[in-house]
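Close look at the chain arrangement
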Amino acid sequence: MAPRVALMLPGGGARGAYQVGAVRALWELAGGQSNPFPVMVGASAGAINAGVLASHAHEFGHGLQRLEHFWSQMACHHIYRTDWVSVLRSAGHWLGSMLLGRLGFPGPESLLDTEPLRQLLDRETRLDGIARAIESGALDALAVTASGYSSSRAVTFFQAASGWPGWSRGRRLGRQGTIQVDHLMASAALPLLFPAIQVGNEFYGDGGLRQTAPLSPAIHLGADRILVVTTRDEHPDPEPQVQTERPSTGEIAGHMLDIVFMDNLQADLDRLQRVNHTVSLIDPARRHLSDLRAIDTLVIRPSRDVRHIADEFMDRVPASVKVLLAGMGAWRKGTRLPSYLLFESEYCQSLMELGYQDAMDQRAGVERMFSG
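Residues numbered from 1 in each chain as written. Predicted model: local features only at pLDDT ≥ 70, side-chain atom pairs only at ≥ 80, totals over all residues. Heavy atoms only, no water.

On to the packing of helix 1 (residues 17–29) against helix 3 (residues 60–72). Where helix 1 meets helix 3, the closest approach of the two axes is 10 Å, and the angle between their N-to-C directions is 155°. Regarding the angle of helix 1 to helix 3, the classification is roughly antiparallel. In this structure, helix 1 meets helix 3 at a crossing whose hand is left-handed. Where helix 1 approaches helix 3, its residues Ala 17, Val 20, Val 23, Arg 24 and Trp 27 are matched on the opposing element by Phe 60, Gly 61, Leu 64, Gln 65, Leu 67, Glu 68 and Trp 71. (Axes fitted to C-alpha atoms, helices over the stretch in contact; angles between N-to-C directions. Helix = DSSP H or I, 4+ residues; strand = E, 2+ residues; numbered from the N terminus. Parallel < 35°, antiparallel > 145°, perpendicular 65-115°, else oblique. Left-handed = near helix turned anticlockwise from the far one by under 90°. Contact = heavy atoms within 4.5 Å.)

This is the structure in structure tokens:
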């Protein structure tokens, strides 16, 4: 039987453009015809990418072209308001909350207003195509994860054939339903930077916040193999040899996003490797007595530090956003936060080109993932 390969796209803000180039290469290496990913799983920007691809799973090449166009024409004002009035209003709201909070002055919802992103998704996505793709057999399931602020749980909203069971594991919940724009917005709501989104009775934020086992949705949805496209390289920064400065608020925010998007994923990959090793030690004749099963994974990750690519395009950011980031201490080369918020076409196209080449460089591993 053909393997059931899941495509997993974790978050990364503007870094999500990298995933589009990588998926283009993966599709070509898989034959460039039908959808090679029966299961698609995403969080944050990865949820938007997965949602667009899943809605065109029955015409995968066309859906990939739409996604490439989506990112190649990107600009910051398509994602969040960048006009001076909106930015200054946001800054004033934060200042007023600090000075007058005890007098009942309402606290700010977020640093940036993402109403433009909602309008873009409403206009450009065709999420009703997910049901058609499932009915045609081109897709088994789409899953997007968001973090509930009231329940403190990672909730994976998934759309699959009727009757597919959900799951509940500690603070992780799988809930079947019809994926809508609100689910994508909720999954992509970067903490503090973007406003929380209401789905049902609860407000949700970025899917990486509470997802301590990012691989679990794909496994619950029956994947035999998982292709993961991350947006951070795995080369740690060297330890400083001289005294460093105290980190700014913006630098801390960038580190926080790194943790949200990548650290839990790496820990889960390590855990899966240990499970696979345990399964290999069990007598093949007795493996059916255990719930454990071996699942192959392949990770596509940037071969370059994405921060350095962002440094090349920092002048493309609107002046109002530069002032805002500078006030947080995040507007200088080498900081992490701009690489998540730099939704500009030249930067996104560079990331797509890098993603394509990095996936092609793993041709042998990719072809092995799709083999019988």
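What follows concerns the environment of Ala 25. In this fold, Ala 25 is placed in helix 1. For the pair Ala 25 and Leu 221, spaced 196 residues apart in the sequence, the C-alpha separation amounts to 24 Å. With sequence-adjacent residues up to four places away left out, Ala 25 is seen in contact with Tyr 356, Ala 359 and Met 360.

Two side chains that carry opposite charge are able to pair once their charged atoms sit near each other. Across all of its chains, the model carries 14 salt bridges by this definition. The closest approach of N and O atoms between Arg 307 and Asp 305, which form a salt bridge, is 2.7 Å. With respect to class, Arg 307 is no different from Asp 305; both count as buried. The salt bridge partner of Glu 367 is Arg 363, with a shortest N-O separation of 3.6 Å. With a gap of 4 residues between them, Glu 367 and Arg 363 both fall in helix 15 (residues 363–370), about one helical turn apart. (Salt bridge = Lys/Arg side-chain N within 4 Å of Asp/Glu carboxyl O. Buried < 20%, exposed > 50% of the residue type's maximum accessible area, 1.4 Å probe, protein only.)

Moving on, we come to the pairing of strand 3 (residues 141–148). Each regular strand carries side chains that alternate between the two faces of the sheet. Among the 8 residues of strand 3, 8 are classified as buried, and the element is accordingly described as predominantly covered. The side-chain alternation of strand 3 yields two buried faces, one formed by Ala 141, Ala 143, Thr 145 and Ser 147 and the other by Leu 142, Val 144, Ala 146 and Gly 148. Pairing analysis gives 5 bridges linking strand 2 (residues 39–43) to strand 3, with the strands arranged parallel. Bridge pairing in strand 3 places Ala 43 opposite Thr 145. Pairing of strand 3 with strand 4 (residues 154–160) involves 7 bridges; the strand directions are antiparallel. Looking at strand 4, one finds that Thr 145 is bridged to Thr 156. Between strand 3 and strand 4, which pair antiparallel one after the other, the connecting turn spans 5 residues, and Ser 152 there sits at a positive phi close to 55°. Where strand 3 lies against strand 8 (residues 202–205), 2 bridges are found, and the strand directions are antiparallel. Note that in strand 8 the partner of Gly 148 across the bridge is Tyr 204. (Pairing = 2+ DSSP bridges.)

Quick look at the nonpolar core now. Across soluble globular proteins, nonpolar side chains show a tendency to be buried alongside one another. The biggest cluster of nonpolar side chains holds 96 residues, and the ones touching the most others in it are Phe 37, Met 40 and Trp 71. For this core, the element with the highest residue contribution is helix 1, accounting for 9 residues. Not counting chain neighbours up to four residues away, the residues in contact with Trp 71 comprise Gly 13, Ala 14, Gly 16, Ala 17, Val 20, Asn 49, Phe 343, Ser 345, Cys 348 and Met 352. One finds Ala 141, Phe 158, Ala 160 and Trp 167 within the second-largest nonpolar core, a separate group that totals 20 residues. (Core = buried A, V, L, I, M, F, W, Y, C linked by side-chain atoms within 4.5 Å.)

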